[in-house]
Amino acid sequence: ARRTAVGLGFDVHELIPAGDLGIIRLGGVDIESAHKLHGHSDADVVLHAIVDALLGTVAEGDIGSHFPPTDERWKGANSQIFLEEARARVLAHGGIIEHVDITIIGERPKISPYREIMRVTIAHLLHLPIARVSVKATTTEKLGFTGREEGLAAQVVATVSLPGDL
């Protein structure tokens, strides 16, 4: 018998002016922008939130406990590394990732032109069919730090099937 575990992930990174045209990495996809995301790694809020959601399904802490921002090894790191480790932790528990549901929160960049490539990229990274990856976006109607375009946020719900004897 198996049981279902649900994990919730949330991440925020500051948006800073890029000067020249910058790049924002969201869901493993590089998007041209007048801003860039500030963070110790590549600041991919989407992948970071997926990592936390997956770790939550197996009760293994959060991204910071596995990849502390004080560790120079992770400076500028591609967040795909973090996602691969979170997936490995789920698999080590006998888990099967059933679904990830992602909501990106911010005024810009507009996500709709990138939604499908994000789904494809994330599905590939997690070894899932694209039908098991949902990417949505919302604004905060110009309210709060995301509304003022000071940062971007992402929240993720991950559903994992685990052996029932745990």
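Everything below is about the structure shown above.
Heads up: these notes are all about the structure in this document. Residue numbers here run from 1 along each chain, matching the order of that chain's written sequence. Predicted model: local features are reported for residues with pLDDT of at least 70 only, side-chain atom pairs are reported and counted for 80 or more only, and whole-chain, interface and lining totals are derived from all residues. To get the side-chain values, all heavy atoms of the structure are used, and hydrogens and water are removed first.

## Concerning the pattern of salt bridges
We define a salt bridge as a contact between a side-chain nitrogen of Lys or Arg and a carboxyl oxygen of Asp or Glu at a distance within 4 Å. Under the counting rule described, the total for this entry stands at 9 salt bridges. Among the ionic pairs, Glu149 bridges to Arg108, the shortest N-O distance being 3.0 Å. Taken together, the residues span a long stretch of sequence, with Glu149 in the loop between helix 5 (144-147) and strand 5 (151-163) and Arg108 in the loop between strand 3 (96-105) and helix 4 (115-126) at a distance of 41 residues. For Glu116, the salt bridge identified is with Arg119, shortest N-O distance 3.0 Å. In this pair, Glu116 and Arg119 both sit in helix 4, 3 residues apart, roughly one turn of the helix. Of the residues examined, Glu116 reaches a relative accessible area of 42% and is grouped as partly exposed. The secondary structure listing takes helices from DSSP runs of H or I that are at least 4 residues long and strands from runs of E that are at least 2 residues long, numbered from the N terminus. Under the scheme applied here, a residue whose accessible area is under 20% of the maximum for its type counts as buried, over 50% as exposed, and between as partly exposed, the area being computed with a 1.4 Å probe on protein chains only.

## Focus: a nonpolar patch on the surface
Without a salt bridge and with relative accessible area above 30%, a residue can belong to a patch; like charges are then joined within 9 Å and nonpolar side chains (Val, Leu, Ile, Met, Phe, Trp, Tyr) within 5 Å. Each accessible area is a Shrake-Rupley result for a 1.4 Å probe, and residues are judged covered by the shown protein chains and nothing else. Taken together, the side chains of Val6, Leu8 and Val157 make up a nonpolar region of the molecular surface, amounting to roughly 280 Å² of accessible area. Its relative accessible area of 33% is what places Val157 among the partly exposed residues.

## Brief notes about the sheet that holds strand 1 (residues 2-26)
Pairing between strands requires that DSSP locate at least two bridges from one strand to the other. Read from one edge to the other, the open sheet built from 5 strands follows the order 2-1-5-3-4, with strand pairing classed as mixed. What marks the edges here is a single partner per strand, and that holds for strand 2 (29-38) and strand 4 (133-138). Averaged over all pairs of adjacent strands, the angle between strand axes in this sheet comes to 30°, irrespective of strand direction. Contacts from helix 4 reach strand 1, strand 2, strand 3 and strand 4, with the element oriented near 140° to strand 4. Axis lines are fitted through C-alpha atoms, for helices just across the contact stretch, and the angle between N-to-C directions can take any value from 0 to 180 degrees. Whether two residues are in contact is decided by their heavy atoms, any of which lying within 4.5 Å being enough.

## With respect to unusual backbone geometry
Following Arg108, the chain continues into Pro109 via a peptide bond in cis, with omega recorded as 0°. With respect to the secondary-structure elements, Pro109 resides in the loop between strand 3 and helix 4. The residue Ala43 is not glycine, and still its phi comes out positive at about 65°. Mapped onto the elements, Ala43 comes out in the loop between strand 2 and helix 1 (45-57). Although it is not a glycine, Lys142 adopts a positive phi angle of roughly 65°. Here Lys142 is to be found in the loop between strand 4 and helix 5. Given a relative accessible area of 58%, Lys142 falls into the exposed group.

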